[in-house]
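Take a look at the letters that make up each chain.
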Amino acid sequence: MTRPLNVRHLGRRAYEPVWRAMQAFTDARDADTRDELWLVEHEPVFTQGQAGKAEHVLAPGDIPVVPVDRGGQVTYHGPGQLVAYPLLDLRRLGVGVRELVNRIEQCVIDTLATWDIVAQRREGAPGIYVGDAKVMALGLRVRRGCSFHGLAFNVAMDLSPFSRINPCGYQGLRVTQVLDLGGPGNLVEVAQTLVPLLARQFGLEPATAVGELPRIAAPATMEP
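Residues numbered from 1 in each chain as written. Predicted model: local features only at pLDDT ≥ 70, side-chain atom pairs only at ≥ 80, totals over all residues. Heavy atoms only, no water.

With that settled, consider the layout of surface pockets. Quantified by volume, the largest pocket comes out at close to 460 Å³. Here the lining of the largest pocket gets 7 residues from one element, more than from any other, and that element is strand 8 (residues 133-143). Split by residue class, the lining of the largest pocket holds 15 nonpolar, 10 polar and 3 charged. Approximately 280 Å³ is the volume found for the second largest pocket. His 9, Leu 39, Leu 187, Val 188 and Ala 191 are, among the 16 residues lining the second largest pocket, the residues nearest its centre. Among the secondary structure elements, those contributing two or more residues to the lining of the second largest pocket are strand 1 (3-13), strand 2 (35-42), helix 4 (187-201) and strand 11 (204-208). A per-class count over the lining of the second largest pocket returns 11 nonpolar, 4 polar and 1 charged. (1 Å grid on protein atoms, 1.4 Å probe; cavity = no way out; pocket = protein on both sides within 12 Å on 5 of 7 lines; lining within 4 Å. Points joined across faces, edges and corners; volume = space filled by probe spheres on them. Helix = DSSP H or I, 4+ residues; strand = E, 2+ residues; numbered from the N terminus. Nonpolar A, V, L, I, M, F, W, Y, C, P; charged D, E, K, R; others polar.)

Quick look at the structure:
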């Protein structure tokens, strides 16, 4: 029997409450908890991963910089970007971290192919590229055998804040978006294509959950 994947359409939200909710969900889940996929459009924010170096944040200006517990360096989230957080029990799925990355990347490659956009991986630099420009950034964390954080897919946004950082720690890295590549500029349309492809990568069946964050009290002591 195919396991369900709860899909939460969270709309536009500030970054930190969603991040904290991901942590709480991951720490509270057990072997019977359904896997979830959270879709969100964040208010403008730079997030700095655990490997992040301050010199890659060039001129943040009025955009906050939030140090977080995912892998990777600095990236930007803002309106017009589809952010997807797969909250998966990897042990139950029988998936390792490298395979998790590979499957997420493949679903984005397949999504872009829907609009005849040819995309590819880049060795040693997680994410998805079209030509020499990055269209999807990827940063993950695995705790207690379960994943959180996820992917940031540029759809139709103001790309100028990327010039204030070295995206993902690469000086001069170009970024692009679905709209400029000939695809749709509508986040809902992109999500409607992405979600079933992502679920299929993990043998799951999408099921719509309520469009709210789960109400979970964080444990008194959380792992760092």
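Text resumes after the structure shown.
A separate point is the sheet that holds strand 4 (residues 65-67). Here 3 strands make up an open sheet; going across it, the order is 4-3-5 and the pairing mixed. Of all the strands in the sheet, just strand 4 and strand 5 (74-77) have a single pairing partner and so form its edges. The sheet shows a mean angle of 30 degrees between the axes of neighbouring strands, direction not considered. By the bridge criterion, 4 bridges tie strand 3 (residues 45-48) to strand 5 in an arrangement that is antiparallel. Across the sheet, Phe 46 pairs through a bridge with Tyr 76, a residue of strand 5. Here helix 1 (residues 15-28) sits on the sheet in contact with strand 3, strand 4 and strand 5, set at roughly 15 degrees to strand 4. (Pairing = 2+ DSSP bridges. Axes fitted to C-alpha atoms, helices over the stretch in contact; angles between N-to-C directions. Contact = heavy atoms within 4.5 Å.)

It is at 9 Å that the axes of helix 3 (residues 97-113) and helix 4 come closest, and there the two elements cross at 140 degrees. By the angle class used here, helix 3 and helix 4 are oblique. Classified by chirality, the crossing of helix 4 by helix 3 is right-handed. Judged by residue contacts, Arg 103, Ile 104, Gln 106, Cys 107, Val 108, Asp 110 and Thr 111 of helix 3 engage Val 190, Thr 193, Leu 194, Leu 197, Leu 198 and Gln 201 from helix 4. Taken together, the residues of the contact of helix 3 with helix 4 break down into 7 nonpolar, 4 polar and 2 charged. (Parallel < 35°, antiparallel > 145°, perpendicular 65-115°, else oblique. Left-handed = near helix turned anticlockwise from the far one by under 90°.)

According to the stated counting rule, one finds 2 cavities of 30 Å³ or more in the structure shown. The computed volume of the largest cavity comes to approximately 60 Å³. In this structure, the largest cavity is lined by 13 residues; those nearest its centre are Lys 134, Ala 137, Asn 154, Phe 162 and Val 175. Those elements giving two or more residues to the lining of the largest cavity turn out to be strand 5, strand 8 and strand 9 (146-154). At 4 residues, the largest contribution of residues to the lining of the largest cavity is made by strand 8. Of the residues assigned to the lining of the largest cavity, the class counts are 9 nonpolar, 3 polar and 1 charged. The computed volume of the second largest cavity comes to approximately 40 Å³. If you go around the second largest cavity, the residues you meet are Leu 5, Leu 37, Pro 86, Leu 88, Leu 198, Ala 199, Phe 202 and Leu 204. Here the lining of the second largest cavity is built from residues that sort into 8 nonpolar, no polar and no charged.

The backbone of Asp 116 sits at a positive phi, close to 60 degrees, despite the residue not being glycine. Following the sequence through the fold, Asp 116 ends up in the loop between helix 3 and strand 7 (128-130). The class for Asp 116 is exposed, based on a relative accessible area of 71%. Even without being glycine, His 149 reaches a positive phi, approximately 60 degrees. (Buried < 20%, exposed > 50% of the residue type's maximum accessible area, 1.4 Å probe, protein only.)

For the rest of this paragraph, the subject is helix 1. Helix length check: helix 1 (14 residues) gives 20 Å between terminal C-alpha atoms against 20 Å at 1.5 Å per residue, within 8%. Within helix 1, 10 of the 14 residues are buried, which leaves it mostly tucked inside the rest of the structure. Among the residues of helix 1, Tyr 15, Val 18, Trp 19, Ala 21, Met 22, Gln 23, Ala 24, Phe 25, Thr 26 and Asp 27 are the ones counted as buried. (Expected span 1.5 Å × (residues − 1).)

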